[in-house]
Amino acid sequence: MVKRKTRAKRSLSSLPKGLPVRGGGAGGGSGGKILNDSVNPFDATSRNKRSKHEVVNRATQKVTTQSALARALKERQTKLREELKRSKKYNAFVDGRIGENSQTMTVEEQNLARLVKERSRRSKRTSKFSLDDDDDDGNNGGGELLTHKGKAIDLRSARDHVVLSDDEDGDTGQLDAVDTLLHFGGGSKTDRERVNPYGPQDGGGMTHSLAQQYASRKTELDDLIARRKLLKAERVKSKEAQVEAFEKMDDAFDDLAGLLKFRDKEKEIREHIKAQQQGNLPKEDQEMVDWDKEMKQYLFLERKVAATDRTKTKEEIAKEEADRLHKLETRRLARMNGEYAEDDDFSDVSDDDNTFIDHGRDRKRQRQRKRTSPEQLDGDSDDDSDGGHELTTRFTADGLVQVDKNGVVVGKVGETKASNNNSSQKQLLSVGDRVQACYRANEQFDGQVTWYNGSISKVVRASDGSIRYNVDYDDGDYEDGIEPNHIRALSKDQDELEKEEKQKMQEMALKRKRQKATDKAMAEMPFVFDVPTTLESLHDLIGDHAKNGEEATLLIQRICASNSVRLNRRNTEKMQNFYDVLLRRFIAVGDAIYRSGDGGTELGRYKQLDALTNILYNLAQDSPDTAGAVWARRLGILQSAHAKRLRDAELMQQETGDDDEEISVWPSTGVLLLLRALGHVFPVTDKRHYVVTPALLLLGQYVSHTPVYTKSDLTMGVSCSGLLIEYTREAKRWVPEAHAFLAGLLRLFAAAPRERLGRYPCLNLGSAAEEESLGNLRYLASHAYDAKSGPPTISLEIDTINEDNYASGILHAALSILEVSIRNLAGSVGSAERELFSEVSECVLVLCPKDKTNPLSPVLVEKVAKIVSALSETCTFEAPRAPLTRRATTTATQAIESLAPRMENWEKYSVSKDKGKSSNQVALDRTRRELKRERKAISRELRLDAAFIESERREEKSKKDSAAKAARHKAYAWLEGEQATMNQQVAQGGGLLSGGGTGAARAKARSGKIGMKKGGKFSRA
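Numbering of residues starts from 1 in every chain and runs along the sequence as written. Totals for whole chains, interfaces and linings use all residues, but because this is a predicted model, local features are given only for residues with pLDDT of at least 70 and pairs of side-chain atoms are given and counted only at 80 or more. Remark: hydrogens and water are excluded; side-chain values derive from all non-hydrogen atoms of the structure.

### Some points on the overall build of the protein chain
Okay, so step 1: Strands are runs of DSSP state E lasting at least 2 residues, helices are runs of H or I lasting at least 4, and numbering of each runs from the N terminus. Within the protein chain, the regular secondary structure consists of 33 helices and twelve strands.
Okay, so step 2: By residue count, 27% of the 1021 residues in the protein chain fall in the buried class.
Okay, so step 3: Throughout, a residue-residue contact means that at least one pair of heavy atoms, one from each residue, lies within 4.5 Å. The contacts of the protein chain with a sequence gap of at least 6 include a subset with a gap of at least 24, amounting to 59%. Type-normalised accessible area, obtained with a 1.4 Å probe on protein chains alone, sets the label of each residue: buried when under 20%, exposed when over 50%, and partly exposed for intermediate values.

### Some words on helix α24 (residues 736–748)
Along an α-helix, residues three or four positions apart point the same way, because every turn accommodates 3.6 residues.
Okay, so step 1: A helix's residues, less one, multiplied by 1.5 Å, set its expected span. For α24, spanning 13 residues, the distance from its first C-alpha to its last is 19 Å, which sits close to the expected 18 Å at 1.5 Å a residue.
Okay, so step 2: When you tally the buried positions in α24, you get eleven out of 13 residues, the bulk of the element.

### Considering the pairing of strand β9 (residues 451–461)
Okay, so step 1: With five bridges connecting them, strand β8 (residues 434–438) and β9 associate as antiparallel partners. Residue pairing in the sheet places Gln436 in a bridge with Asn453 of β9.
Okay, so step 2: Between any two strands, pairing holds if DSSP finds at least two bridges. With seven bridges connecting them, β9 and strand β10 (residues 467–473) associate as antiparallel partners. What sits directly across from Ile456, in β10, is Val471.

### Examining the packing of helix α23 (residues 711–727) against helix α28 (residues 806–825)
Okay, so step 1: It is at 10 Å that the axes of α23 and α28 come closest, and there the two elements cross at 15 degrees. Put simply, α23 runs roughly parallel to α28. Seen along the crossing, α23 lies across α28 with a hand that is left-handed. On the side of α23, the interface is formed by Lys711, Leu714, Thr715, Val718, Gly722 and Ile725, while α28 contributes Tyr806, Ile810, Ala813, Ile817 and Ser821. Interaxial angle, 0 to 180 degrees, is taken between N-to-C directions of lines fitted to C-alpha atoms, where a helix line uses only the stretch in contact. Throughout this description, any angle smaller than 35 degrees is read as roughly parallel, any larger than 145 degrees as roughly antiparallel, any in the 65 to 115 degree range as roughly perpendicular, and the remainder as oblique. In this scheme, a crossing is called left-handed if the near helix is turned counterclockwise away from the far one by less than a right angle; it is called right-handed if the turn is clockwise.

### Some words on the environment of Arg76
Okay, so step 1: Tracing the chain through its elements places Arg76 in helix α2 (residues 68–87).
Okay, so step 2: It is 9.9 Å that separates the C-alpha atoms of Arg76 and Glu941, two residues lying 865 residues apart in sequence.

### Concerning the sheet that holds β9
Okay, so step 1: With respect to topology, five strands assemble into an open sheet ordered β11-β10-β9-β8-β12, the strand pairing being antiparallel. The strands lining the two open edges of the sheet, one partner per strand, are β11 (478–482) and β12 (487–489). Strand-to-strand twist in this sheet, taken as the mean axis angle between neighbours without regard to direction, amounts to 40 degrees.

### A few points about the side chain of Thr613
Okay, so step 1: Secondary-structure assignment places Thr613 in helix α19 (residues 605–622).
Okay, so step 2: Non-local contacts of Thr613, meaning those with residues more than four positions away in its chain, are made with Phe586, Ala677 and His680.

### Quick notes on the pattern of salt bridges
Okay, so step 1: We define a salt bridge as a contact between a side-chain nitrogen of Lys or Arg and a carboxyl oxygen of Asp or Glu at a distance within 4 Å. Within the structure shown, the criterion is met by 25 salt bridges.
Okay, so step 2: Between Asp222 and Lys218 there is a salt bridge, and its shortest N-O distance comes to 3.4 Å. A residue pair is termed a helical-turn pair when its members lie 3 or 4 positions apart in one helix, as Asp222 and Lys218 do in helix α6 (residues 210–259) at four residues.
Okay, so step 3: Relative accessible area serves as the criterion here: at 38%, Asp222 is assigned to the partly exposed category.
Okay, so step 4: Take Lys218: its relative accessible area is 45%, and that puts it in the partly exposed class.
Okay, so step 5: Between Arg823 and Glu819 there is a salt bridge, and its shortest N-O distance comes to 3.6 Å. One end of the pair is Arg823 and the other is Glu819, both in helix α28 and four residues apart, which spans about a single turn.
Okay, so step 6: Accessibility expressed as a relative area gives 13% for Glu819, which makes it buried.
Okay, so step 7: Salt bridges linked by common partners bring Glu819, Arg823, Lys863 and Glu873 together as one network.

### A closer look at the nonpolar core
Generally speaking, nonpolar side chains in soluble globular proteins are found buried as a group.
Okay, so step 1: In plain words, nonpolar cores are sets of buried Ala, Val, Leu, Ile, Met, Phe, Trp, Tyr and Cys residues tied together by side-chain atoms within 4.5 Å. Counting 108 residues, the largest nonpolar core has Phe578, Tyr579 and Trp631 as the members making the most contacts within it.
Okay, so step 2: With eleven residues, the top contributor of residues to this core is α28.
Okay, so step 3: Beyond its immediate chain neighbours, meaning those up to four positions away, Phe578 contacts Val531, Pro532, Leu538, Ile556, Ile559 and Cys560.
Okay, so step 4: Among the nonpolar cores identified, the runner-up in size contains ten residues, and Leu429, Val435, Val471 and Tyr473 belong to it.

### Structural notes on a negative patch on the surface
Okay, so step 1: Together, Glu240, Glu244, Glu247, Asp250, Asp251, Asp254 and Asp255 make up a region of like negative charge exposed at the surface.
Okay, so step 2: Considering the arrangement of structural elements, one finds Asp255 in helix α6.
Okay, so step 3: Assessed through its relative accessible area of 57%, Asp255 is described here as exposed. Patches in this entry comprise residues that are over 30% relatively accessible and not in a salt bridge; like charges within 9 Å are linked, as are nonpolar side chains (Val, Leu, Ile, Met, Phe, Trp, Tyr) within 5 Å. Every accessible area reported is derived by Shrake-Rupley at a probe size of 1.4 Å, with residue values counting cover from the shown protein chains alone. Under the counting rule used here, the positive set is Lys and Arg, the negative set is Asp and Glu, and His together with the chain ends is not counted. Throughout, a charge is located at the NZ atom of Lys, the CZ atom of Arg, the CG atom of Asp or the CD atom of Glu.

### A few points about a nonpolar patch on the surface
Okay, so step 1: On the surface, Leu69, Leu73 and Leu944 cluster together into a nonpolar patch covering about 270 Å² of accessible area.
Okay, so step 2: Turning to its location among the elements, Leu69 is positioned in helix α2.
Okay, so step 3: For Leu69, a relative accessible area of 60% translates into the label exposed.

### Considerations on the confidence of the model for the protein chain
Caution is warranted with low-pLDDT regions, since their predicted coordinates should not be read in detail.
Okay, so step 1: Per residue, pLDDT measures the predictor's confidence, with a range of 0 to 100. Of all residues in the protein chain, 67% have pLDDT values of 70 or greater, and the mean over the chain is 75.
Okay, so step 2: Averaged over each element, pLDDT in the protein chain is lowest for helix α11 (residues 374–378) (35) and highest for α19 (93).
Okay, so step 3: Below a pLDDT of 50 lies the segment residues 18–35, which in the model reaches 18 contacts outside its immediate sequence neighbourhood of four places, other chains included.

### Side note on helix α17 (residues 572–596)
Okay, so step 1: If you check α17, its first and last C-alpha atoms are 36 Å apart, about what 25 residues at 1.5 Å a residue would give, namely 36 Å.
Okay, so step 2: Phi for Gly597, located one or two positions after α17, is positive at around 85 degrees.

### Description of the packing of α2 against helix α32 (residues 919–987)
Okay, so step 1: Where α2 meets α32, the axes come as close as 10 Å, and the angle between the chain directions of the two elements is 55 degrees. Compared by their axis directions, α2 and α32 come out oblique. For α2 against α32, the interelement crossing comes out right-handed. Contacts from Leu73, Arg76, Gln77, Leu80, Arg81 and Leu84 of α2 reach α32 at Leu944, Asp945, Phe948, Ile949 and Glu952.
Okay, so step 2: Each residue gets one label: Ala, Val, Leu, Ile, Met, Phe, Trp, Tyr, Cys and Pro are nonpolar, Asp, Glu, Lys and Arg are charged, and the others, such as Gly, are polar. Looking at the contact of α2 with α32 residue by residue, the classes come out as six nonpolar, one polar and four charged.

### Quick word on the packing of aromatic side chains
Okay, so step 1: Each Phe, Tyr or Trp ring, with Trp reduced to its six-membered ring, pairs with another whose centre is within 6.5 Å; inter-plane angles below 30 degrees give stacked pairs, above 60 give edge-to-face pairs, and intermediate values give tilted ones. Throughout the structure, instances matching the rule amount to five aromatic pairs.
Okay, so step 2: Ring centres of Tyr439 and Tyr452 lie 6.4 Å apart, and the angle between their planes is 85 degrees; on these two criteria the pair is classed as edge-to-face. Highlighted residues: Tyr439 in the loop between β8 and β9 and Tyr452 in strand β9, separated in sequence by 13 residues.
Okay, so step 3: The partly exposed category is assigned to Tyr439, whose relative accessible area is 24%.
Okay, so step 4: Here Tyr452 falls in the partly exposed class, since its relative accessible area comes to 37%.
Okay, so step 5: Residues Trp666 and Phe741 carry aromatic rings whose centres are separated by 6.0 Å and whose planes lie at 70 degrees to one another, so their mutual orientation is edge-to-face.

### What to know about a positive patch on the surface
Okay, so step 1: A surface patch of positive charge is lined by Lys913, Lys932, Arg933, Lys936, Arg940 and Arg943.
Okay, so step 2: Looking at where Arg943 falls in the secondary structure, it is placed in helix α32.
Okay, so step 3: Under the relative-accessibility criterion, Arg943 is labelled exposed at 55%.

Written out as structure tokens, the structure reads:
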């Protein structure tokens, strides 16, 4: 009986298993809902299955595959990632090079050891059976060669095969046919008998055999040899006769030469050179000299030049300069401490007393004069006895005596020796002295002594006080223990004395030089300085080490050279601060010029400013960003200072009242000169510049907003206007502030008083006309100027500004600046010159240079005429003005006639780059293009690699930072939890405390001696 299935059948409304439902249901439960009622269940179940057969036009899932470029980039990045990981792992290797790890071997010893090792490796033992070894043959890799007459057979030319002989005229050295047969044979015997190489003989048809030909040829050769020997004998005989004739002619030429008179060619050459120097050459000789000079100009001889070093980079030049300064500083410190190097020749030390050679010569001459003096010749002196005078021994009644050449008895023989012995005993000798010793004097027969030259090697002192000498003789022998009476000092000759004296003088001169070098080192300026951070520290250095303005400039140059940014980028911050110190130093020197002038040759403030400008420019070239930041910050400080002076100007005027103290709101002379130097440090033609544009705005604010009270203020205004026009001259820009100020300045010099009180283009000059010090400018310009002193000029020194004739200089400067600006802007402002220079034209008209009351000087009249001429040429007042346009009108360009060839389909036509070139040029251009493409591809790959490496580095760094941050946050969380627990304990009055030590607290809580918070564990009920 089959078991009944108790499971109910699935209804038609239920979904089969495996269908996708919404809500995560697996079947047809209430929680599931079919995605789409119209979806076929069979399609839904088989959607994600791979199709068994591909069917046309069936919609399939799009498979995205990476391109070859993407795969290559991915592979490259994978390799770079692995290399980047390996690069951070360090390893060590064993350096097996000979002598590389030795601390005692020099470079020459290392090279020698390596050469010996290489030679031993390539010795004959190891390369004995090498067939390719080229060193044994010495024929440049040719192996075994066959040679003939010292040349390789393969290297002999066709000319070497020709036999040349002086004895055989007309013989080419080639063999005839019969010679070939006679020497080498040829063919069979029958052929040799049948063929006669010389043809038929005796006019018949019969031929001779080879034996007959050999006999005839032998006879001919014998005759030829006999003739050659005869000719040779005749030539030898004629040569001998010729030689005899020449010898006879040479003997007879001496007699003929005595009858001839030769000219002195050397004398003629000297006279010719002398006449050429004096310009007294004859006409023919002068023409030849001119011709030679002209021809030398046309001779293009090949110039022989030596190879030079490559151009050094700025970093290398800076390093060489710094090394030079450090070397000089090391030498200076060593000299100060009395330490002198062996290679120090003291070439920088001038020694006026270094004339020891001349002193030696003078002393030598004095000694010669003493020796030749009559008194010395007549007197008895040791020099005469040692000078080579022969002494003869004679027997007299007193015994054996020595007599000189004059018959004078010098002394007895024994007394002389005794005196010598006594003197030798009295004289204590030392090691190294040259002496004469008696060799084994005690062993000599009958007291005979023989003296030998030598030197003392040792001095021995006995216990009884006696002295013995050990002597080494010049012949190689030696003797020990010589008594003092058997030894005597060897007298020095004149050359040795002079040599010793010369050496002493040299030592004295060297000592003087060293002393002078020490004094100079202590007095001269150090070569290396630390970078001063403030202006006061720089002034302290200048006060300690510099004596004049030139040395102050040298000190600043040494600071910059020894701490250059090109040596080490870590010097950037120090040099940035020092750059600001130099700007402040520049301003301070400029302000000193205003107060005291140049300061003479000792200070030379103008030269200091020139040198500082060069230094600022060089530092700006070394680090442009740093210099730009410092200049921008300094300009901001100057602008803030000027704004503060403007705010305080009115208050200062009220406080001074009617006092004679002058008040000026304009910047100082140092600031003005600094702004002038700015144009030499940075380019002023850029449309917008990080430094120049703020400087232009600051100068415009100076000119337009600063009030004018004195002639000094006028000078500053003219100077600032000139700087504005100088900055914009090359870019041809119009500066309204400068032109307005200069036009108002011209109105101050108007001839009519009411014109001076008219409308001023620049508002700050309106109040200047009411000032007493500026109301008589026209009178001063007309009467106080001296025409003999030349054209009027302006100055930045206070003493010159207060002079009465300074007004004409201000007017002359303003007119000159306006003339330059007008001619510079002519034709560059789009026919707007009339409007731009209208204020200038009106102010020029009110000058009236030839006014009867206050006429201007001729120099100023001429300058006014020039500016009027410039205005009339630039501004066309009669012609109607063209309307202004936003943009400049473009001129119509004429089309150029096209010479392009006509093509049927020009879109598909491409001109080859190599058309019309030779094959070599085509190959060269193709290679060049390939090289260019490869170079660009390599650059692109390097950029991609660098970007990927940087991204990997940043990602790795972010991971490390994230891990560290997470650890730090975890620690902070733990600390905060602990702190929270402690706070809870405090809040509950120790309710969370348990364990030992809490009993005392509970007892105090019960007794009420300590207070607990309400609800705490230890609180009282």
